[in-house]
Amino acid sequence: NGRINGGHVLAQYRVIAPEIGSDIEKRTTIEVQGFSREQLLQDMESILKKISEYKLRRETLKNEINILKAKENPSVNEKIQINSHTDSLVEIYEKLKNIELDRKNIAEYLKAKGEGEIKVSKSVKPNVTLIIKSDKIDTFNEIKHTSFYFEDGEIQQSGI
């Protein structure tokens, strides 16, 4: 949320800041390692499939537990089954919670332009090095309201 003024910032997917660099041209490097959008989309597809499977298993277990609990005199074996299903249900809720967090993270990463992004709402000052994936740009003049992103093998720039 604040100004990045000097030093080296390393991020995996995206850096968003109002200002990068300083008026006294203190050396600032922003490095975004980048990602494969195609791989993230595949990961998202896999996660959505797992979520669907977990939800189906959760509903099946709930139904089985309800059927067993509805019996007037459940046997010892049925009581053990209820406990086992309840333990499995708790496990599935935990897995769903974790995988939902993964889904939200990937969705957030996919909001980045290209395959890595540096977004600046106010300005990038001179003497700033921007690195995304394998490409690098050095700024010599102030650049206002812009987004730098990696696409087609190089850093692209667009206004925001």
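Read on for an overview of the structure. On a predicted model such as this, the values are computed, not experimentally measured, just so you know.

### Here we look at the environment of Val-15
Right, so step 1: The residue Val-15 is located in strand 2 (residues 14-20) in this model.
Right, so step 2: Owing to a relative accessible area of 7%, Val-15 belongs among the buried residues under this scheme.
Right, so step 3: When the C-alpha positions of Val-15 and Glu-31 are compared, they lie 8.6 Å apart, and in sequence the two are 16 residues distant.

### Points about the environment of Leu-96
Right, so step 1: Tracing the backbone through its elements, the reader meets Leu-96 in helix 2 (residues 76-109).
Right, so step 2: The spacing of Leu-96 and Lys-55 is 41 residues in sequence and 7.9 Å in space, taken between C-alpha atoms.
Right, so step 3: Those residues in contact with Leu-96, other than ones at most four positions away along the chain, are Ile-51, Tyr-54, Lys-55 and Arg-58.

### A few points about the sheet that holds strand 8 (residues 154-159)
Right, so step 1: Across the sheet, which stays open at both edges, the 4 strands sit in the order 2-4-7-8 with mixed pairing between neighbours. Only two strands of the sheet have a single neighbouring strand rather than two, namely strand 2 and strand 8. Each strand of the sheet is rotated relative to its neighbour by a mean of 20 degrees, with strand direction disregarded.
Right, so step 2: Taken together, the 6 bridges between strand 7 (residues 143-151) and strand 8 define a ladder with antiparallel strand orientation. The partner of Phe-150 across the bridge, within strand 8, is Ile-155.

### Digging into unusual backbone geometry
Right, so step 1: Of note in the backbone geometry, Asn-127 takes a positive phi value of approximately 70 degrees without being a glycine.
Right, so step 2: Classification of Asn-127 by relative accessible area gives partly exposed; the value is 26%.
Right, so step 3: Positive phi, normally seen in glycine, also occurs at Lys-133, with a value near 55 degrees.

### A few points about the packing of aromatic side chains
The geometry of an aromatic ring pair is captured by two quantities: the separation of the ring centres and the angle between the planes.
Right, so step 1: Applying the stated rule across the entire model yields 2 aromatic pairs.
Right, so step 2: Ring centres of Tyr-13 and Phe-35 lie 5.2 Å apart, and the angle between their planes is 50 degrees; this geometry places the pair in the tilted category. Remark: Phe-35 occurs in the loop between strand 3 (28-32) and helix 1 (37-70) and Tyr-13 occurs in the loop between strand 1 (7-11) and strand 2; sequence separation between them is 22 residues. Each of the two residues, Tyr-13 as well as Phe-35, counts as buried.

### With respect to the pairing of strand 2
For a regular strand, side-chain orientation follows a simple rule: the groups alternate between the two sheet faces.
Right, so step 1: Among the 7 residues that make up strand 2, 5 are buried, leaving the element largely enclosed by the rest of the structure.
Right, so step 2: Sheet analysis places strand 2 next to strand 4 (residues 117-124), joined by 6 bridges and oriented parallel. Considered in strand 4, the bridge of Ala-17 is made with Val-120.

Thresholds applied
Residues numbered from 1 in each chain as written. Predicted model: local features only at pLDDT ≥ 70, side-chain atom pairs only at ≥ 80, totals over all residues. Heavy atoms only, no water. Helix = DSSP H or I, 4+ residues; strand = E, 2+ residues; numbered from the N terminus. Buried < 20%, exposed > 50% of the residue type's maximum accessible area, 1.4 Å probe, protein only. Contact = heavy atoms within 4.5 Å. Pairing = 2+ DSSP bridges. Axes fitted to C-alpha atoms, helices over the stretch in contact; angles between N-to-C directions. Phe/Tyr/Trp six-rings, centres within 6.5 Å; stacked < 30°, edge-to-face > 60°.

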